[in-house]
Amino acid sequence: MSETTKELVNNDLSDVMFNRHSVRAFDPSVKINRDELQTMISEAATAPSACNLQSWHFVVIDTPEAKEKFKKAVMKFNYPQVDSASAIVFIAGDTQSHLVYRDVWNKVYKAGNITKERLDQILGTFLPLYENATPDFLKFDATIDCSTVGMQLLLVARAHGYDANAFSGIDFEKMIPTLGLDPKRYVPVMGVAIGKAAKEPLHTTRYDSKTQTDFL
Ligand SMILES: Cc1cc2nc3c(=O)[nH]c(=O)nc-3n(C[C@H](O)[C@H](O)[C@H](O)COP(=O)(O)O)c2cc1C
């Protein structure tokens, strides 16, 4: 984790997590430099993913020109956070992440963390699963991976002293080509608008989790 911050501005998990609210109005004068954005992305990417495939791809929108282009694939009710955020990190699912899967595990093997037998076992078990998977399976898998990294990014933003809003109110057909990505390979998942809150956000409530829980 060499690219990640050693000391977070806010390392209080309880505050980071329980006082997180969706901020949709940011101070437009606040800029976040690209090094810090990249650090936040690296930190978020410590998220777990299916078979460690890390089926995510990030597109950063942090200039007025990029925002104008991006907005063509965003629903109008999300314009306020897009316009005022320091940056939007759009998370797309990569349905071809298994093509570099050997590299991920070769790195673990070369670091001495697994034996050659274990390496062969992992690749022998999971590679065929993905190589023979249906497009729907690959899409679902990538979308789930993007959800874990998206949640981490929301919390990492707070740990860096910022606030954020996850949004998927977008044009799902238009988004991937708008970002200049290959629609045969990538699926749109969510944008994460990041910046300094300009006003106190709405404090939402939750259902009683007992009404949504069964114990089998
Ligand atoms: C997958 C997902 C999609 C969302 N899409 C939008 C959106 O398009 N626009 C928006 O303003 N908020 C969006 N939100 C934010 C939710 O409205 C918000 O998380 C929810 O109302 C709870 O509020 P809180 O985040 O302040 O706890 C989205 C959140 C998630 C997780």
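The structure we're discussing is the one just above.
About the cut-offs
- Residues numbered from 1 in each chain as written.
- Predicted model: local features only at pLDDT ≥ 70, side-chain atom pairs only at ≥ 80, totals over all residues.
- Heavy atoms only, no water.
- Pairing = 2+ DSSP bridges.
- Helix = DSSP H or I, 4+ residues; strand = E, 2+ residues; numbered from the N terminus.
- Axes fitted to C-alpha atoms, helices over the stretch in contact; angles between N-to-C directions.
- Contact = heavy atoms within 4.5 Å.
- Phe/Tyr/Trp six-rings, centres within 6.5 Å; stacked < 30°, edge-to-face > 60°.
- Buried < 20%, exposed > 50% of the residue type's maximum accessible area, 1.4 Å probe, protein only.
- Lys NZ or Arg CZ within 6 Å of the ring centre and 35° of its normal.
- Near = heavy atom within 4 Å.
- Polar contact = N/O pair within 3.5 Å; in protein donor to acceptor, adjacent residues only side chain to side chain.
- Areas by Shrake-Rupley, 256 points an atom, 1.4 Å probe, with all protein chains shown as cover.
- Nonpolar A, V, L, I, M, F, W, Y, C, P; charged D, E, K, R; others polar.

**A closer look at the sheet that holds strand 3 (residues 163-167)**
Overall, antiparallel pairing links the 4 strands, which are arranged 1-2-4-3 in an open sheet. Two strands in the sheet have a free side with no partner beyond their single neighbour: strand 1 (56-61) and strand 3. When strand polarity is set aside, the average angle formed by the axes of neighbouring strands in this sheet is 25°. Where strand 1 and strand 2 (residues 87-94) come together, 6 bridges link them in antiparallel fashion. Paired with His57 across the bridge in strand 2 is Ala92. Here helix 2 (residues 34-44) sits on the sheet and contacts strand 1, strand 2 and strand 4 (186-195); the angle it forms with strand 1, its principal contact strand, is near 155°. Packed on one face of the sheet, helix 7 (residues 135-159) meets strand 1, strand 2, strand 3 and strand 4 and runs near 5° to strand 4.

**Things to note about the packing of aromatic side chains**
Both the distance between ring centres and the angle between the ring planes are used here to describe each pair of aromatic rings. Following the criterion strictly, the structure yields 4 aromatic pairs and no others. Pairing Tyr101 with Trp105 gives two aromatic rings, centres 6.5 Å apart and planes at 80°, and the pair type is edge-to-face. Placement of the pair is Tyr101 and Trp105 together in helix 5 (residues 101-110), with a separation of 4 residues, close to one helical turn. Assigned by exposure class, Tyr101 and Trp105 land together as buried. Judged by centre distance (5.7 Å) and plane angle (65°), the rings of Tyr130 and Phe137 are edge-to-face. Owing to a relative accessible area of 3%, Tyr130 belongs among the buried residues under this scheme. With relative accessibility at 33%, the residue Phe137 sits in the partly exposed group. Put simply, the rings of Phe70, Phe90 and Phe167 touch in pairs and so form one group of aromatic residues. Across from the ring centre of Tyr79, 4.7 Å away, lies the NZ or CZ of Lys71, which sits over that ring.

**Things to note about the environment of Tyr101**
Tyr101 sits in the buried class, given a relative accessible area of 1%. Considered as a pair, Tyr101 and Gln81 are 20 residues apart in the sequence and their alpha carbons are 36 Å apart. With residues near it in sequence (within four places) discarded, Tyr101 still touches Cys51, Asn52, Leu53, Ile122, Leu123, Phe126 and Leu127.

**Some points on the site of the ligand**
In the vicinity of the ligand, 14 residues are found, and the nearest of them are Ser22, Arg24, Asn78, Gly169 and Arg206. Backbone polar atom of Ser168 to a nitrogen atom of the ligand: 3.0 Å apart, as the coordinates give it. Considered on its own, the ligand offers 620 Å² of accessible surface; in the complex 65% of this is hidden by protein. Per element, the largest residue contribution to the shell around the ligand is 3 residues, and it comes from strand 3. For the shell around the ligand, the residue count by class is 3 nonpolar, 8 polar and 3 charged.

So far we have only geometry, and geometry alone does not tell us how the molecule works.
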